[in-house]
Amino acid sequence: MTVTEVVPNPLAEGLRARRTPEPFVLTIFGASGDLTQRKLIPALYSLASRNYLPERFGIVGVARTEMSDEAWRERMREAVKDHARDEFRPELWDRIAAGMRYVATEFADEPGEDRLGTVLGELDRELRTAGNRVYYLAVPPSAIQTIVTEIGKRRSAQGWTRLIVEKPFGHDLDTARELNTCIREYFAEEEIYRIDHYLGKETVQNMLVLRFANGIFEPIWNRQFVDHVQITVAESLGIEGRASFYEQAGAIRDIVQNHLLQLLALTAMEPPIEFSAEAVRNEKVKVLRSMHTPGPKNVVRGQYGPGFIEGKEVAGYREEPDVAAESMTETYVAAKLYVDNWRWADTPFYIRAGKRLARRETTIAIQFKRAPHPPFEVHSAEALRPNVLLLHIQPDEGVSLAVGAKVPGQGMTIRTVHMDFLYGGAFRTGLPEAYERLLLDCLLGDATLFTRADEIEEQWALVDAMVGPWKRDRPAFPNYGAGSWGPAVADELLHRDGRSWRRH
Ligand code: BG6
């Protein structure tokens, strides 16, 4: 079955497009990094290509590597060619590149900041950007405090200043609090944009539309009708040469603390009174506050050994370059969580996240309770399968509802079929990259899709409680093969409750 094609609302699109940001200079700390090349500059290019950016804007790259303006522009030009979703247009690139500068410095040392200040001043004069500044911190948490202090001390007296902070935001609750306190010394909460790129994904935003722009879901979106929820963030990729980061973070800090808990909060939250930064974030933080600490039996972890991904042999985690031979870092986490409020009491939220799993798949499955009494003769287990609303965040973006249907013919055989809405089919347009949406939102001063200080701290409090007991035991790692669906302990977590992970 296919749902009727839905036409995008050109009026709403138009209103947003018409609100172009004011001229600005964006400074990226961590400009020689992967994120800048693969995501940030290509996203800015696409925004410019679609006329979302003002005529006048500048981009300053800051990193340790010595490089001339020209060399950096050249690298970024290649990055756009390789990673932007829009066709490369030399005349557009030349226009963007004219406002691009590069400053080589030890991130934030006094002379470096002075040099940056000079460059920003020059761009302000050249491009008439009126002191409007965005600072993007794509650097490790250890570098953030110094940079914030240095730029905080030199805040421009004119225009507006906004600060985008990449994840990981701290390493635990204490370090996240420390970071929040340091940043708030120089910047007001409205000026701070803590990024979680999952919130920029079109399908994640669609969760709010699905729930709150349709009348049929909310009445059944609760403990009375929902048996349990499963949230999966599965990746087939390994750690992609990021051992120094990943050895410290592991799956729980890399994915659960941010992306996964945000997905859970959006699934469980109450309807906000409006789609505004404060209203949406107030509701999400209430969910995070109502989550109680899972007991140690309800949090399991794994680490991948060697195996096969799409027929290709891949190394185990401990054999990855720069990973310790006896590393106890988890590359997989699963947990059973509860949201203790009237809507969700006693409804389990099973979550799992892992690297080197069989397939890339991010989904949220709302499994409803079984029909209380099927009046049909039951021929197969199929007849008894509950309805599942499946939100495909990626890939195959869309929504699908599993319902029982009669198999044509004599008798009453029942089989599960799917009512599907696929983005590709319904809208026939490519989905924007998450970073396009988030960069533009920040330039427009809209923080709805960014995480507030209290949300981050609640997320860390939960993660700290989950990892607390880990110090006491040493599971036998590796405990799942690359290319599988994770360790047996994760299956047992659900089997104990008479449930199982959704079939793939
Ligand atoms: C990042 C993590 O935040 O998200 C990576 O650090 C992970 O480890 C990535 O691969 C996944 O993002 P996406 O958009 O590909 O699901």
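Scroll up a little and you will see the structure.
Remember, it's a predicted structure, so these values are computed and weren't measured experimentally.

Visitor: Explain the packing of helix α10 (residues 277-289) against helix α13 (residues 453-467) to me, and be specific about the residues and the numbers.
Guide: Two numbers describe a pair of packed helices, the interaxial angle and the distance between the axes. In contact at an axis separation of 9 Å, α10 and α13 are set at 20° when each is read in the N-to-C sense. Taken together, the axis directions place α10 and α13 in an arrangement best described as roughly parallel. Note on packing geometry: the crossing formed by α10 with α13 is left-handed. Along the contact surface, α10 presents R281, K284, V285, L288 and R289, while α13 presents D454, E455, E458 and Q459. Considered class by class, the residues forming the contact of α10 with α13 number two nonpolar, one polar and six charged.

Visitor: I'd like a rundown of the packing of aromatic side chains, residues and numbers included.
Guide: What the rule picks out here adds up to 16 aromatic pairs. Ring centres of F88 and W93 lie 6.5 Å apart, and the angle between their planes is 40°; on these two criteria the pair is classed as tilted. Both residues of the pair, F88 and W93, count as buried. Counting every residue linked through ring pairs, the aromatic cluster contains Y246, Y304, Y317, Y332 and Y480. We note R162 situated over the ring of W160; from NZ or CZ to the ring centre the distance is 3.7 Å. A cation over an aromatic ring shows up here: K201 above the ring of Y198, its NZ or CZ 4.7 Å from the ring centre.

Visitor: Hey, could you go over the site of the ligand for me, with residue numbers and the actual values?
Guide: All residues in the neighbourhood of the ligand are listed as K167, H197, Y198, K201, E235, R242, D254, H259, K355, R360 and Q394. R242 places a polar side-chain atom, nitrogen or oxygen, 2.5 Å from an oxygen atom of the ligand. Contact with the protein chains removes 79% of the 390 Å² of surface that the ligand exposes when unbound. Its residues placed into classes, the shell around the ligand shows one nonpolar, three polar and seven charged.

Visitor: Outline the pattern of salt bridges, listing residues and values.
Guide: Per the counting criterion, the structure on display carries 37 salt bridges. E283 is the partner of K286 in a salt bridge, and the nearest nitrogen-oxygen pair spans 3.2 Å. Linking K286 with E283, this pair stays in helix α10, spanning three residues, or about one helical turn. In this structure K286 comes out as partly exposed when scored by relative accessible area, which is 46%. Relative accessible area serves as the criterion here: at 12%, E283 is assigned to the buried category. Salt-bridge contacts for R437 lead to D441; the nearest nitrogen and oxygen are separated by 3.2 Å. Here R437 pairs with D441, and both are found in helix α12 (residues 434-444), just four residues apart, close to one helical turn. For the residue pair R437 and D441, the accessibility class agrees, reading buried in each case.

Visitor: Could you give me a rundown of the sheet that holds strand β3 (residues 100-104), with the residues and numbers involved?
Guide: Read across the open sheet, the six strands follow the order β3-β2-β1-β4-β5-β6; overall the sheet is parallel. At either margin of the open sheet sits one strand with a lone partner, and together these are β3 and β6 (192-194). Sheet twist, expressed as the average angle between the axes of neighbouring strands with direction ignored, equals 15°. Looking at chain direction, strand β1 (residues 24-29) and strand β2 (residues 57-63) are connected through six bridges and run parallel. Among the inter-strand pairings, I28 is bridged to a residue of β2, identified as G61.

Visitor: Kindly report on the sheet that holds strand β15 (residues 388-394), identifying the contributing residues and their values.
Guide: With mixed pairing, eight strands are arranged side by side in an open sheet as β8-β12-β13-β7-β14-β15-β16-β17. Of all strands in the sheet, those with a lone pairing partner are β8 (299-302) and β17 (414-422), marking the two edges. Sheet twist, expressed as the mean angle between neighbouring strand axes with direction ignored, is 15°. Of the pairings in the sheet, the one linking strand β7 (residues 226-234) to strand β14 (residues 361-368) comprises eight bridges and is antiparallel in character.

Visitor: Tell me about helix α9 (residues 243-268), residues and numbers included.
Guide: At G250, α9 shows its maximal kink, close to 95°. For α9, the tally of buried residues reaches 22 of 26 residues, placing the bulk of the element in the interior.

Cut-off values and rules
- Residues numbered from 1 in each chain as written.
- Predicted model: local features only at pLDDT ≥ 70, side-chain atom pairs only at ≥ 80, totals over all residues.
- Heavy atoms only, no water.
- Axes fitted to C-alpha atoms, helices over the stretch in contact; angles between N-to-C directions.
- Helix = DSSP H or I, 4+ residues; strand = E, 2+ residues; numbered from the N terminus.
- Parallel < 35°, antiparallel > 145°, perpendicular 65-115°, else oblique.
- Left-handed = near helix turned anticlockwise from the far one by under 90°.
- Contact = heavy atoms within 4.5 Å.
- Nonpolar A, V, L, I, M, F, W, Y, C, P; charged D, E, K, R; others polar.
- Phe/Tyr/Trp six-rings, centres within 6.5 Å; stacked < 30°, edge-to-face > 60°.
- Buried < 20%, exposed > 50% of the residue type's maximum accessible area, 1.4 Å probe, protein only.
- Lys NZ or Arg CZ within 6 Å of the ring centre and 35° of its normal.
- Near = heavy atom within 4 Å.
- Polar contact = N/O pair within 3.5 Å; in protein donor to acceptor, adjacent residues only side chain to side chain.
- Areas by Shrake-Rupley, 256 points an atom, 1.4 Å probe, with all protein chains shown as cover.
- Salt bridge = Lys/Arg side-chain N within 4 Å of Asp/Glu carboxyl O.
- Pairing = 2+ DSSP bridges.
- Bend = angle between axes of the 7 residues up to and from the residue.

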